[in-house]
Amino acid sequence: MDIRYITRVLRGAKFKKLNYMLDVVKKKSGHCKARTFCDILWCAVRYGAGYYDYVMFGFYDMNGRQRNTYLTRIRNKKVCNLMNQPGFGEIFDDKLAFNVRFADFLQRKVLNAETASAEELTAFLDGQESFFAKPNRGTCGNGIEKLNKADFKDAAEILAYVREKKLPVLEEVLVQHPEMAKLHPSSVNTLRIVTDRVGDTTHIAYIVVKVGTGGGFCDNSGQGGVICRVDSETGTIISVATDDYFNVYDRHPDTGIEFKGYPIPMLADAVELAKKAAQVVPEICHVGWDVAITPDGPVLIEGNDYPGTDLCQLAPHYPEKQGLWPYYKRILNIK
């Protein structure tokens, strides 16, 4: 990486957001903005880190050896390029196609509203009071609506609405396991399990749990949710929670549940489900799976072929200041 990379970083920077990040670092560390800005540029060159990486990993409070262990935005791109073949990510980006390819893992009713008839929608809605309507493409929970059947005259009116709003992915609302519901009952709180398939071995890079807040139905941090680190060995939450604004919570802000030590039900089964799903598309070896836990077991919500670095390695989750880069160097034999 050289001056050309710095130029790309600066050209792509959203300076209002960058200034906000500089304010966050000043509040957390006391470092002046000029010092932090220069350090961000150094980390871009030395470690391939963007300014958001710098803040969410806590680089302002690390030495060079610690920083060099982190899976930064550039390193993550390298991992994805090494593990995922071009042209096959469409299976994950297109939710309608994903629901067809992974139908055996969903364990819930789904419907393509682009092609469904009113009669097919009526059958889909049988026994349901509400359902989710999602855009076919999108991230971070953007655009998802939870619709009530009683708010519409009939199936034809529902079809007209979801087609006008471009929400063709219809899905049954899952009943989650009581222990997951305790965290925040109005959202389906999910696990993000990242699998890395190398040869005949499927590794687990990390697991986090995403939990909704404020009575919302979405667990995504981009919609106000919080994130905790989960230990795959003990099956418990082992960190505080964080949100997209770098706030830290020992307890859930609404339910008061203490995060550290909270047991995740059926975690071993959820990991096994993710490992099985990792075999379905052999050309895509690096996937972040969103898994819900129902009373009958884990089910797949979706898969992400570019999981990113915004859910893993968050500073409050890794007080040991050890990132994921050594793990990827080891399993991929990166020198």
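Source: prediction; values computed, not measured. (Residues numbered from 1 in each chain as written. Predicted model: local features only at pLDDT ≥ 70, side-chain atom pairs only at ≥ 80, totals over all residues. Heavy atoms only, no water.)

Considerations on the overall build of the chain
What counts, and what does not: Labels follow the DSSP assignment, with helices taken as runs of H or I lasting at least four residues and strands as runs of E lasting at least two, numbered in each case from the N terminus. For every residue, the accessible area (1.4 Å probe, protein chains only) is compared with the maximum for its type, and the residue is labelled buried under 20%, exposed over 50%, or partly exposed between those bounds. Any two residues whose heavy atoms approach within 4.5 Å at even a single point are treated as in contact. What sets the accessible areas is the Shrake-Rupley method with a 1.4 Å probe; for residues, cover comes only from the shown protein chains. For this count, His and the chain ends are skipped, Lys and Arg are scored as positive, and Asp and Glu as negative. Note on charges: their place is set at NZ of Lys, CZ of Arg, CG of Asp or CD of Glu.
Broken down by element type, the chain carries 14 helices and 12 strands. Over its C-alpha atoms, taken along the principal directions, the chain stretches across nearly 60 × 45 × 40 Å. Relative to its full complement of 335 residues, the chain shows a buried share of 52%. At a minimum sequence separation of 6, the contacts of the chain that also span at least 24 residues come to 64%. Split by element, the accessible area of the chain, about 15900 Å² in all, is 51% carbon and sulfur. If you average the places of the 43 positive and of the 41 negative side-chain charges in the chain, the two averages end up 11 Å apart.

A closer look at helix 6 (residues 73-83)
Short version of the rule: Regarding the arc, it is the one traced by the directions from the helix axis to the C-beta atoms.
Of all the residues in helix 6, the buried ones are Arg75, Asn76, Val79, Cys80 and Met83. Across the axial projection of helix 6, the buried residues extend over an arc of 140°, all falling on one side. Facing away from the buried side of helix 6 by more than 90 degrees, the exposed set consists of Asn81 and Leu82.

Thoughts on the packing of aromatic side chains
Note the following rule: Each aromatic pair joins two rings of Phe, Tyr and Trp (for Trp, the six-membered one) with centres within 6.5 Å, and gets the label stacked for planes under 30 degrees apart, edge-to-face for over 60, and tilted for any other angle. We count a charge as sitting over a ring when the NZ of a lysine or the CZ of an arginine lies within 6 Å of the ring centre and within 35 degrees of the ring normal.
Counted according to the given criterion, the structure contains 17 aromatic pairs. With a centroid separation of 5.2 Å and 35° between ring planes, the pair formed by Phe57 and Tyr70 is classed as tilted. Pair noted here: Phe57 is in helix 4 (residues 51-57) and Tyr70 is in the loop between helix 5 (64-67) and helix 6, with a separation of 13 residues, a long-range link. For Tyr70, a relative accessible area of 0% puts it in the buried group. Between the aromatic rings of Phe98 and Phe102, the centroid separation amounts to 4.4 Å while the plane-to-plane angle is 25°, which identifies the pairing as stacked. Residue classification places Phe102 among the buried residues on the basis of a relative accessible area of 0%. Taken together, Tyr47, Tyr54, Phe57, Phe59, Tyr60 and Tyr70 form an aromatic cluster joined through their ring pairs. When the ring centre of Tyr318 is taken as reference, the NZ or CZ atom of Arg229 above it lies at 3.9 Å.

Section: the pattern of salt bridges
Just so we agree on the cut-off: Definition used for salt bridges: Asp or Glu carboxyl oxygen within 4 Å of a side-chain nitrogen of Lys or Arg.
Here the structure, examined in full by the defined rule, presents 13 salt bridges. A salt bridge links Lys165 to Glu145; the nearest nitrogen and oxygen atoms lie 2.7 Å apart. With a gap of 20 residues between them, Lys165 in the loop between helix 11 (155-164) and strand 4 (169-172) and Glu145 in strand 3 (residues 145-148) connect regions that are remote in the sequence. The structure contains a network of salt bridges with shared partners spanning Glu90, Asp94 and Arg137.

Quick look at the nonpolar core
The cut-off we apply is this: By nonpolar core we mean a set of buried residues, namely Ala, Val, Leu, Ile, Met, Phe, Trp, Tyr and Cys, connected to one another through side-chain atoms within 4.5 Å.
Counting 38 residues, the largest nonpolar core has Tyr54, Val55, Phe59, Tyr206, Leu324 and Tyr328 as its most contacted members. When residues of this core are traced back to their parent elements, those giving at least two are helix 2 (15-29), helix 3 (33-47), helix 4, helix 6, strand 6 (201-211) and helix 14 (325-332). Setting aside residues no more than four positions away along its own chain, Val55 makes contact with Met21, Val24, Val25, Tyr60 and Phe246. If you look at the next biggest cluster of nonpolar residues, it comprises 35 residues, including Leu191, Val211, Phe259 and Leu273.

What about the state of the cysteines?
Test applied: We call a pair of cysteine sulfur atoms a disulfide when they lie within 2.5 Å.
This model, assessed by the stated rule, comprises zero disulfides. Summary of cysteine pairing: Cys285 is not part of a disulfide, and the nearest cysteine sulfur, belonging to Cys80, is at 11 Å. When its relative accessible area of 15% is taken as the criterion, Cys285 is described as buried.

Observations regarding the sheet that holds strand 3
Short version of the rule: What makes two strands pair is DSSP finding at least two bridges between them. Here, axes are lines fitted to C-alpha atoms. For helices the fit covers the stretch in contact, and angles between N-to-C directions go from 0 to 180 degrees.
Spatially, the four strands line up as an open sheet ordered 1-4-2-3, and their pairing is antiparallel. Both outer strands of the open sheet, strand 1 (110-112) and strand 3, are each paired with one neighbouring strand and no more. Within the sheet, the average angular offset between the axes of one strand and its neighbour, ignoring direction, is 30°. As defined by bridge partners, strand 2 (residues 130-134) adjoins strand 4 across four bridges and the pair is classed as antiparallel. Residue Phe131 lies in a different strand from strand 4, and its bridge partner there is Glu172. Together, strand 2, strand 3 and strand 4 form the strand contacts of helix 11, whose direction differs from that of strand 3 by roughly 165°.

Describing the packing of helix 2 against helix 3
Spelled out, the test is: For classification purposes, an angle smaller than 35 degrees is called roughly parallel, one larger than 145 roughly antiparallel, one from 65 to 115 roughly perpendicular, and anything else oblique. What makes a crossing left-handed is the near helix being turned counterclockwise from the far one by less than a right angle; a clockwise turn instead makes it right-handed. Asp, Glu, Lys and Arg are counted as charged, while Ala, Val, Leu, Ile, Met, Phe, Trp, Tyr, Cys and Pro are counted as nonpolar; the rest, among them Gly, fall into the polar class.
The interhelical angle for the contact between helix 2 and helix 3, taken along N-to-C directions, is 115°, at an axis separation of 9 Å. Compared by their axis directions, helix 2 and helix 3 come out roughly perpendicular. Judged by the sense of rotation from one axis to the other, the crossing of helix 2 with helix 3 is right-handed. When helix 2 is examined against helix 3, the residues Leu18, Asn19, Leu22, Asp23 and Val25 are found in contact with a partner set consisting of Lys33, Thr36, Phe37 and Ile40. The class makeup of the residues in the contact of helix 2 with helix 3 is five nonpolar, two polar and two charged.

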